Amino acid sequence: MRSLRPCAAAALVAALAAAPLARPATAAPTIVPASPAVPPGASPDATPAAALPDVAPPDASPAALPDATPAAPPAVSPARRAAAIALAAVPGLAVPGLGARVVGERRAARRLLALRALGLGAMVVGGAPLLVTYGSAKLVVPGVHLAVAGSGLFLVGWWADVYAAAGGGGGPPRRRAPLELAADATWLDDAYHGARDLIGVSGRAHRGRWTLGARLASGHAAALVQGRLDAAARVWRPDARATGSAVDVRAAVDAIADRDDHLTTVTGELAARGRLHLAELDRALAGSFVELDAGLGLQVAAYRAGDADLAGVLIGRFAGGVYLPCARGEVLVFYDHRRDTLAGGLPAGRAAGFFGSVGAAAEVAVTPAWTATAALELGSARLVTIGVRRGLR
Amino acid sequence: MRAAALALAAALVGCARPGEQRALDDALVGIADDAGLHVVITDRLGAVRALTPGRLELWAAAPAIEVTVDVATGGAGRWLITVNNALPDAELREGGAPLGVAVPAPRPTVLVRDVDLSPGRHVLTIGPADTTGPLRIAAMADIQTGLPTVDDVFAAIATTNPRFVVCMGDLTERGQLDEYALFERQLATLPVPLYTTLGNHELWAEAARYQGRYGPASYQFTFHDVAFTFADSGDAGLDPIVEEAVGDLLATAADRQSLFLTHFPPVDPVGIRDGAFRSRRDAQRLIGTLATTGVDLALYGHIHTYAEFEHAGIPAFVSGGGGARPERWDGIGRHFLVIDLAPGLPPIVGVRRVD
């Protein structure tokens, strides 16, 4: 295993901090020449990873995106940047783009205003009818999907303003290896069972626009077994190895057998996942992204006694994150509206029974071939997962 | 930012069992010690509302309750015993014999007796003479903002002649004292008692307000050989203490007709809406318990509509038509259930609209 380079160390720091990295006020943007090896339909600015020659090239260098501006960012004093971060973080929740505006990134501020206005609009269009009709069953699918997606755009837009105010610092998206094999360990703690653990192995293959994946996890003396098969087709920017802007349509089958609970569930899922590298909105947002999921599922639950049940599942999720410097990986935080997963939903006080789980995930390349992964999910249960992934060519 | 994230995580971890204290407090309901009397309601089937010299006031959470009264020398003498929420034909007895002198009561569900208590232990029972035969009950939930007009619902229920009413919670909108007072004034319209658990709206204020008035949130009583098991799901789930206790209670009722009642449906019949337990896996574990313990009927509230469905093959109903803001376009509005129970027959459930 190779020793970490300075860039990798910065990536690890960023992963640990899970926060935008402040960039020196005088730093010039890194401009990387476009890669000639970009697959058809992929982002036109895919670049080789200069810092990591053994790693597949990042798929979208922010500096070279279509609307990126080659000019250096405005010079900002440390005091002004600190004020911008504070303004973006607090009043910025209600005033979109405030932080970006204070550091002179007016175009980013306007784009964030538009993004958050779109999010707020979706929240209102989706959520208000649900409130007025008190959760009419007829409005659940469009209403909740719009409300979750709108919340994602609104909140990630807020976070992106803080990111822009801090000077950004994220790197370009990373390209995945064609074949990835992974192992992980999950610590699962819920109020009823206490702590349990799972050891999992998984594999994922990418070819063209297609991705196929499988995972098997078992633990607690094999009392808890989880298996998952998924397939995805990238319908926008059809390069399945890219981690930049794209839209996937995915289908999955997820099965969990829990001998402690005498319960077996099998869930079929069909969903779309879209990710937008915010560099496509403005250079000042390069290195950050927003991700939305929407879909539906059908779950069969089999008990020790009685008939099996069939119930619908609404898939709604949003995430915001940052690509680590030098295409080392990414860190994201997310909200998942589902409550049928091992995490369940948050015990959210008066709102209990309405919210799903929140969490964070990170993947950091420690060598060109090996990637460390970690995830935290908080709902009714708490899950902490750490793992490693090996990329194969 | 990292510190804030850690604080948030700590806060979330800290409230992983929001119902734990309430479950522990349930065990202390129905016990009082004052004025020379030590009072214990067996199986916590009620609340001791007042215990002052010469006056003992109870709220019954079941058609028949047993109260053990240990009288110290200083507590001996005349006592006015008031039992609220009693069956109209209930009687206060000791050793099978009626006890005390009847005192006029403000409504048929209030029993008042003037009793002479001697020092020592007295095991009192409050209940009706009948213990077997067919039984008709009504079921409802989710009154909330409908409190000012819930007397309409109670009046409609009265016309169906139920033996008593069971309620799946959300008596109030915010758990305020004036709401509880109004609820009890409205109960004057109802000529039969109402046995309930709490809903999430009772938790907008201290749960002790509920438990001090109506007794435990999780409990079981048996009447006419039918077991009624109430569970506290006010936080969109059962605390492990409640889940284990309810599992044990349901197991004891496996050989008789068994009804399970809680506020949140474990799984929303409209699954994608998920107006249900905060963890579907916890919900499914509970449904598995209902199936293995032979529950015959499950009754829920929370969703302000009417739904008839099954889980694990058990007939289940959501009836949230007590007057809270209704779900639109479901064509039901205010309503309640009428349930006929007879030995050896499955429950027969009908729905009655109020408006």
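Keep in mind that this is a model prediction, so the values were computed, not measured.

Along chain B, the regular secondary structure elements total seven helices and 22 strands. Principal axes of the C-alpha set define a box for chain B whose edges measure 65 × 55 × 40 Å. Taken across its 355 residues, chain B has 54% of its residues classed as buried. The long-range fraction of contacts in chain B, counting pairs at least 24 apart against all pairs at least 6 apart in sequence, stands at 68%.

Here we take up the interface of chain A and chain B. Counting residues at the interface gives 43 residues for chain A and 49 residues for chain B. Of all the elements, strand β8 (residues 309–323) of chain A adds the most residues to the side of chain A that touches chain B, at five residues. In the side of chain A that touches chain B, the residues fall into 22 nonpolar, 12 polar and nine charged.

Below, the discussion takes up the sheet that holds strand β22 (residues 348–353) of chain B. In a beta sheet, neighbouring strands are held together by backbone hydrogen bonds and run either parallel or antiparallel to one another. All names here are of chain B. On the basis of which strands lie adjacent, the open sheet formed by five strands has the order β14-β13-β12-β21-β22 and mixed pairing. A single partner strand is all that each edge strand has here, and the edge strands are β14 (194–196) and β22. Recorded for the sheet is a direction-independent mean angle of 25 degrees between the axes of neighbouring strands. One ladder, built from four bridges, connects strand β12 (residues 135–140) with strand β13 (residues 164–167); its direction is parallel. The residue of β13 that forms the bridge with A139 is V166.

Below, the discussion takes up helix α4 (residues 106–132) of chain A. Residue and element names in this part refer to chain A. For α4, with 27 residues, the first-to-last C-alpha span of 38 Å sits near the 39 Å given by 1.5 Å per residue. Three or more residues of α4 are buried, namely A108, A109, R111, L112, L115, R116, G119, A122, M123 and G126. Lining the buried residues of α4 we find α3 (98–102) and α5 (140–165). Downstream of α4 by a residue or two, Y134 has a phi angle that is positive, lying close to 55 degrees.

Here the focus is the domain arrangement of chain A. Residue and element names in this part refer to chain A. Taken domain by domain, chain A consists of domain 1 (92–165) and domain 2 (179–229 + 278–293 + 316–392). Between domain 1 and domain 2, the residue contacts involve 19 residues of the former and 13 residues of the latter. When contributions to the side of domain 1 that touches domain 2 are tallied by element, the ones reaching two or more residues are α4 and α5. Sort the elements by how many residues they give to the side of domain 1 that touches domain 2 and α5 lands first, with 13 residues. A per-class count over the side of domain 1 that touches domain 2 returns 13 nonpolar, three polar and three charged.

Calculation notes
- Residue numbering note: each chain is counted from 1, following its sequence as written.
- Working convention: letters from A go to chains and numbers from 1 go to ligands, in the order in which they are written.
- Predicted model: local features are reported for residues with pLDDT of at least 70 only, side-chain atom pairs are reported and counted for 80 or more only, and whole-chain, interface and lining totals are derived from all residues.
- What counts as a helix is a DSSP run of H or I of at least four residues, what counts as a strand is a run of E of at least two, and both are numbered from the N terminus.
- Exposure criterion: with C-beta atoms placed from backbone coordinates, a residue whose C-beta has 20 or more other C-beta atoms within 10 Å is buried, one with 12 or fewer is exposed, and one in between is partly exposed.
- Whether two residues are in contact depends on their C-beta atoms, placed from the backbone: they are in contact if these lie within 7 Å.
- Residues are grouped as follows: Ala, Val, Leu, Ile, Met, Phe, Trp, Tyr, Cys and Pro are nonpolar; Asp, Glu, Lys and Arg are charged; every other residue, Gly included, is polar.
- If DSSP finds at least two bridges between two strands, the strands pair.
- Here an angle of 0 to 180 degrees is reported between the N-to-C directions of two axes, which are lines fitted to C-alpha atoms, with helices fitted over the stretch in contact.
- Residue count minus one, scaled by 1.5 Å, sets the expected span of a helix.
- What counts as a domain boundary in this text is fixed by an automatic or database domain assignment.

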